[in-house]
Amino acid sequence: MTRWLDRVAGAWQRYFFDPRPATDLAVSRVLFFTLAFAYYLPQDFSEWGTVSPELWMPTTLFRIFALPALPAAVIHGIQIVFKTALALAAIGLATRIAMPVACACAFYLLGLPQNFGQIQHFDTLVVLVCAILAVSRAGDAWSVDGWLADRRGRSPVAPSGEYTWPIRAIWVMTAVIFFAAGFSKLRHSGLRWIFSDHLAIVLVRHQYFVSDGDPLTTWGPAIAAHPWAARLMAAIAVGTELFYPLTLVSARARLIFVPAGIAFLIGIRMLMGPTFEPFVMCSVFWVPWSAVLARVRTAVEARRARQSAARSVIDAELAASPTAATLSRAAISTPSKSSPP
Amino acid sequence: MTRSRRLLANLLIGFLLAASAYDIVKDEEHWPFSQYPMFSRVSESRNLTWLRVYVVTSDGQEFPLLTHAEVFPFDQSRLSKALGAVRTRRDAQSEIAAILANCLDRYERLRLEGRHDGPPAVRMRLYEVKWTLHPAAANLSSPDERTLVGEASL
C-alpha cells in the first residue's frame with residue numbers, strides 16, 4: 001500500500017513539477033491576458049449595482065464572505081482596476097501584483113452576476129485560471145519585468161517546475177469541467193440524452209430568445225429537422241466531454257480533443273447562443289509555444305540561409321556577367337509560382 | 001523551486017480538485033465550482049413556457065424586450081429564471097412590481113444614454129408566454145397564450 005502511494009505521489013510530482021522552459025507559460029500568459037483584456041474591456045459590470053435587491057440571491061461564495069452588490073460607482077472603480085490589472089499582466093509589468101489583483105477582481109466581478117437568479121458557467125474557467133496564475137511565476141519571461149531584470153544582470157531563466165504546474169493545473173481543471181458536463185448528462189438522462197429528440201428540441205427552443213446570447217446562425221432548426229443529425233451531434237458532444245480527460249496523459253488525445261472541445265464550444269455559440277468565448281480563451285495554455293517558436297525560428301533561419309546562398313550565387317554571376325545577375329536578383333526579389341522562394 | 005512554493009502549488013491544485021470533485025459527486029453547485037448541469041435533463045416537450053418582459057409606449061403599443069442591451073445587465077435566460085424564483089415567494093406580487101419598476105427605470109435611463117434602440121416606454125409588463133415550438137420559430141411573435149404576471153409604470 002505504501003509503495004503504491006509512493007508511486008502515485010511520484011507520478012503526481014513528475015506530472016506537475018518536471019522542469020519545463022519558461023516560454024510555454026509566459027507566452028500563454030501574454031495571450032490569455034491580452035484576450036481577456038480585449039473581451040472584458042467593453043463590458044460594464046457597474047449596472048449590477050443598480051439592480052433591485054429583491055433579485056439578490058447570493059451564491060455560497062458571496063454568502064460566506066458576506067460580499068454585497070456594491071454601489072454602481074464602486075463597481076465601476078473595481079472594473080477599472082480589473083481591466084488595468086489584465087493589461088499589466090498581459091505585458092508583464094508588475095506581474096506579481098497585477099495577476100493577484102486581476103484574480104481578486106475576477107472573483108468579484110465575474111461572480112457578481114451569478115447572485116441574480118441563475119449561475120452561468122461561461123466565466124468559471126477564467127476565474128480558476130486567474131487563481132492559478134495569481135500564485136504562479138508566469139511573469140518571469142516574455143514580460144517587461146523580465147526585461148528589466150535582465151538589464152539588472154539577472155541570470156538566464158532556467159527550466160523549472162514553476163513553469164510546469166500552472167499549465168498542468170489549468171489542463172486538469174479544463175478536463176474536469178468537460179468531464180463533469182458529460183457526466184451530468186448521463187447521470188440525469190442516461191443515453192436518452194443522445195438517442196431522444198432532446199437536442200433537436202433544444203436547438204429549436206434557442207430560436208425563441210431564451211439564452212444569454214442569440215445564436216450566430218439559423219442552422220439550429222435546419223439540423224433539428226434531421227433527427228439523426230441532432231443525435232449524431234449529441235453523441236459527439238457527450239463523447240468529447242467524457243473522453244476529454246485523456247488529454248491529460250496523451251499527446252495524441254490532445255491533438256483530437258482540444259480542437260474538438262473548441263469546436264464544440266463554438267458550435268454551441270453558433271447554433272444555440274450561449275457565450276462560451278471566455279472558455280475558449282483559456283485554450284492558449286494547450287499550445288506548446290516553445291516548440292512552435294523553435295519551428296518558426298528554424299524556418300526563418302533556413303529561409304535566411306537560402307537567401308544568403310542565392311546572394312552569393314548572384315555576386316558570383318555579377319562578377320562574370322552583370323546582365324544575367326540583374327535578372328537573377330529580380331527573380332529572387334519578386335518570386336512567382338514558377339520560381340519558388 | 002523551493003519546498004514552500006511546491007507545497008503552495010500542491011495545496012492549490014488539491015483544493016481545486018477536491019472542490020470540483022465534491023460538486024460533481026454531490027450534484028451541487030458552489031460557484032466557481034460546479035457539476036455543470038446545463039441542458040443535462042432531457043425534455044421532449046414541444047411546448048415552451050417563458051417569462052418575458054414587455055414595454056408599453058405612451059400610445060399603448062406593447063413590445064417584447066428581446067435584446068441583451070434592452071434587459072441589461074441581465075440576459076433573457078437569467079432574467080426569466082430570476083423572476084421565476086421570485087414568483088414562488090409569498091410576497092411575489094409586490095416584489096415583482098418593485099423589480100419591474102427598477103427594470104423600467106434602468107431601461108429608460110440606458111435608452112436616453114443611447115445604449116439601446118428600444119422604444120420610449122411608460123410602462124413595463126411581465127407575461128408568462130407559452131408557445132408550441134415551431135421548427136423555424138415562425139410563431140415567435142404570436143404565442144399560443146400570454147398571462148399577465150405583473151406590471152409597473154414610470
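You'll find the structure just up there.
These numbers come from a predicted model, not from an experiment. (Residues numbered from 1 in each chain as written. Chains lettered and ligands numbered in written order. Predicted model: local features only at pLDDT ≥ 70, side-chain atom pairs only at ≥ 80, totals over all residues. Heavy atoms only, no water.)

Caption draft 1: Layout of the overall build of chain A. The secondary structure content of chain A amounts to 16 helices and zero strands. Against the globule reference of 20 Å for 341 residues, chain A gives a C-alpha radius of gyration of 26 Å, more extended than a compact globule. In terms of overall dimensions, chain A has C-alpha extents of about 90 × 60 × 55 Å along its principal axes. In chain A, which comprises 341 residues, the share counted as buried stands at 47%. For chain A, restricting intrachain contacts to residue pairs at least 6 apart in sequence, the fraction spanning at least 24 positions comes to 78%. (Helix = DSSP H or I, 4+ residues; strand = E, 2+ residues; numbered from the N terminus. Rg over C-alpha atoms; globule rule 2.2 N^0.38 Å. Buried < 20%, exposed > 50% of the residue type's maximum accessible area, 1.4 Å probe, protein only. Contact = heavy atoms within 4.5 Å.)

Caption draft 2: Up close: a nonpolar patch on the surface. Residue and element names in this part refer to chain A. A contiguous nonpolar patch, built from Met1, Trp4, Leu5 and Val8 and spanning about 480 Å² of accessible area, is present on the exposed surface. In this structure, methionine 1 sits in the segment before α1 (2–17). Accessibility expressed as a relative area gives 75% for methionine 1, which makes it exposed. (Patch = residues over 30% accessible without salt bridge, like charges linked within 9 Å, V, L, I, M, F, W, Y side chains within 5 Å. Areas by Shrake-Rupley, 256 points an atom, 1.4 Å probe, with all protein chains shown as cover. Salt bridge = Lys/Arg side-chain N within 4 Å of Asp/Glu carboxyl O.)

Caption draft 3: The arrangement of the interface of chain B and chain A in detail. Contact residues are listed per partner, giving 65 residues for chain B and 73 residues for chain A. For the pair chain B and chain A, the two sides together bury roughly 6500 Å², of which 64% comes from carbon and sulfur. Among the ionic pairs, arginine 46 of chain B bridges to aspartate 197 of chain A, the shortest N-O distance being 3.3 Å. The interface formed by chain B and chain A holds 36 residue pairs in polar contact (both at pLDDT 80 or more) in total. Among the elements of the structure, α1 (3–26), β1 (47–56), α3 (76–87), α4 (92–112) and β3 (123–132) of chain B are those that each provide at least two residues to the side of chain B that touches chain A. When residues of the side of chain B that touches chain A are assigned to their parent elements, the largest contribution, 12 residues, is made by α1 of chain B. Within the side of chain B that touches chain A, the residues separate by chemical class into 35 nonpolar, 14 polar and 16 charged. (Buried area = accessible area lost by both parts, 1.4 Å probe. Polar contact = N/O pair within 3.5 Å; in protein donor to acceptor, adjacent residues only side chain to side chain. Nonpolar A, V, L, I, M, F, W, Y, C, P; charged D, E, K, R; others polar.)

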